[in-house]
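# A structural walkthrough
Next come the chains, spelled out residue by residue.
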Amino acid sequence: MDVTKIRADFPILSRTVRDGKPLVYLDSGATSQRPRQVLDAERAFLEQHNAAVHRGAHQLAEEATDAYESARARIAAFVGAAPDEVVFTKNATEGVNLVAYAFSNAATFGGESARFAVGPGDEIVITELEHHANLVPWQELCRRTGATLRWYSVTDDGRVDLDSIELTERTKIVAFAHQSNVLGTVLPVAELVARAKAVGALTLLDACQSVPHMPVHFGELGVDFAVFSGHKMLGPSGVGVLYGRAELLAAMPPFLTGGSMIEMVRMEGSTYAAPPQRFEAGVPMTSQAVGLGAAVDYLTDIGMDAVHEHELELVDRALAGLAEVPGVRVVGPRDLVDRGGAVAFVVDGVHAHDVGQVLDDRGVAVRVGHHCAWPLHRRFGVAATVRASFHVYSTPEEVDALVEAVRAAREFFGVS
Amino acid sequence: MQLEQMYQEIILDHYRTPHGAGLREPFDAESFQINPTCGDEITLRVRMEGDVVADVSYETLGCSISQASASVLTDLVVGKSKEDSLTVLGAFQAMAQGRGQVEPDEDVLGDGVAFAGVARYPARVKCALLGWMAFKDALVRSEEKP
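Attention in this report is confined to the structure presented alongside it. Remember, it's a predicted structure, so these values are computed and weren't measured experimentally.

Conventions used here
Residues numbered from 1 in each chain as written. Chains lettered and ligands numbered in written order. Predicted model: local features only at pLDDT ≥ 70, side-chain atom pairs only at ≥ 80, totals over all residues. Helix = DSSP H or I, 4+ residues; strand = E, 2+ residues; numbered from the N terminus. Buried ≥ 20, exposed ≤ 12 C-beta atoms within 10 Å, placed from the backbone. Contact = placed C-beta atoms within 7 Å. Nonpolar A, V, L, I, M, F, W, Y, C, P; charged D, E, K, R; others polar. Pairing = 2+ DSSP bridges. Axes fitted to C-alpha atoms, helices over the stretch in contact; angles between N-to-C directions. Left-handed = near helix turned anticlockwise from the far one by under 90°.

## Quick notes on the overall build of chain A
When its secondary structure is counted, chain A shows 13 helices and 17 strands. Along the first, second and third principal axes, the C-alpha atoms of chain A reach 70 × 55 × 30 Å. Here chain A holds 416 residues, and 53% of them are scored as buried. Here the contacts in chain A between residues at least 6 apart in sequence split such that 70% fall between residues at least 24 apart.

Below, the structure written as structure tokens:
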């Protein structure tokens, strides 16, 4: 993999920040940068084919619909799904909410959807390391329905403790991250899916931090639902994906309703289209979907195995480099076993915000705070961490710049 | 280097040796404030003697900016009348939210003028204001006290 050549595709990486310092972008876990190929695809679509999709019979409408559906098919193939198992959402958060609201709507929707209904005594299971996007929607589902939220706890070394709770026959869904956005931990998907299946529960995988960084095949993983977002995988913001097994989507009630998602509308009531259209109410994001299709093509050309290997090398270097800085504690696994590319750490005596400020002053962009995983930070007894995260364009030199900047932060605040 | 503009020596001094830190009794009102973007927290107590702010005590879990700001706050408001303390608060807030365009008045803000550099970093303005928002809230609560 030629990182220099890849970096040339990302114009933003050659800019400078904070008085002429080269940008060292280590915040791809929050949002990734986009290559020219993605920007060009969006522009070409808008300049040549733009129209509202799935309505209208003119040539532009046909071309726009073809571009939108072609993107869906390529994205589906990228994650081991059939095209009609891929629902476009505005982001991954909406995908989780779509499933959670479908579950509560199921109580009154009738028909086949009754199988999704949850109520008092039923259990929704998550883990303690979830991003708020895979936590708060389930809290709210429980509030609406009277169901109970339970969670697997996290061990000191940042793994999910599979012995911390037992699933029961009242467990309706087990929702968990594929890879922690803070710790980098890769969760034991096969084991969690097996346990859920054993009690007849469904599974939802938050794949926001896995699909952009490693080969992922939802069919082989055996999960029932999965979500991921475009902007973390070199694609546009404003587009995300909900994957659902075809048989489940077909039985699920809608979340948002309105135009496009209908089969037949009368004043007395309406019936709804087959998936995925049933879950795509209104005129959808289109250039964004096309851009995400281009991002998938770009990643496919490089090869997700190569992307993953590249990132692991960077994680290895970061863990080794940070281990040599006194007073730095990595929160999460300190080896490469079942681990991906997010490295969170605290610096003794220097608050994460202050570390981040020194890094920023040197052009190093990282995330500081709780990274939308507040309960996980409480679990580790810290208010905030510094998180470096990588993508295909990140380099070993940037990792070294990070480590050097952390040393500088200690020096600046007089803790060295 | 831009860094020194934000972390002026006065700020670092207050951070290393905070004034008035710790929670004390008696107090008339307490406020707990949190910065949802980073999880930083402050618990701040106010004791009034008539119309005068007699004591401000606090406990923070936060960055150097939020801690130093709380320390400066105690210096600036303790001993002042409620009205005067709110004037200082207003001046501090105007400076912090001024994106570096507001010229701070040292006669009003004392050591607080050191936070003018923070105003140029929008992401850190909330850090500088956390303690002040807690103070404002505690003042309101102290009025509600029977």
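Picking up after the structure, the text goes on.
## A word on the interface of chain B and chain A
At the interface, 13 residues of chain B touch 16 residues of chain A. Grouping the constituent residues of the side of chain B that touches chain A by class yields seven nonpolar, five polar and one charged.

## Quick word on unusual backbone geometry
A negative phi angle is the norm for most residues apart from glycine, just as the trans form is the norm for most peptide bonds. Residues and elements named next belong to chain A. The residue after P275, namely P276, is reached through a cis peptide bond having omega 0°. Looking at the element boundaries, P276 is found in the loop between β12 (269–272) and α9 (287–302). Its identity is not glycine, yet R18 carries a phi of approximately 45°, on the positive side. With respect to the secondary-structure elements, R18 resides in the loop between β1 (16–17) and β2 (21–22). Overall, the presence of 15 C-beta atoms within 10 Å leaves R18 in the partly exposed class. Although it is not a glycine, D338 adopts a positive phi angle of roughly 45°. Tracing the chain through its elements places D338 in the loop between β13 (328–331) and β14 (342–347).

## Observations regarding the sheet that holds strand β10 (residues 240–244) of chain A
Residues and elements named next belong to chain A. Overall, mixed pairing links the seven strands, which are arranged β4-β10-β9-β8-β7-β5-β6 in an open sheet. This sheet does not close on itself; its edge strands, each paired only once, are β4 (86–89) and β6 (148–152). Mean inter-strand twist for the sheet, computed between neighbouring axes without regard to direction, equals 20°. Where strand β5 (residues 123–127) meets β6, five bridges bridge the pair, whose relative direction is parallel. Counterpart to T127 in the pairing with β6 is Y152.

## Some details on the packing of helix α11 (residues 352–361) of chain A against helix α13 (residues 396–412) of chain A
Residues and elements named next belong to chain A. It is at 9 Å that the axes of α11 and α13 come closest, and there the two elements cross at 120°. α13 is crossed by α11, and the crossing has right-handed handedness. Every residue of α13 that contacts α11 at D354, V355, V358 and L359 is listed here: A405, V406, A408, A409 and F412. Across the contact of α11 with α13, the residue classes tally to eight nonpolar, no polar and one charged.

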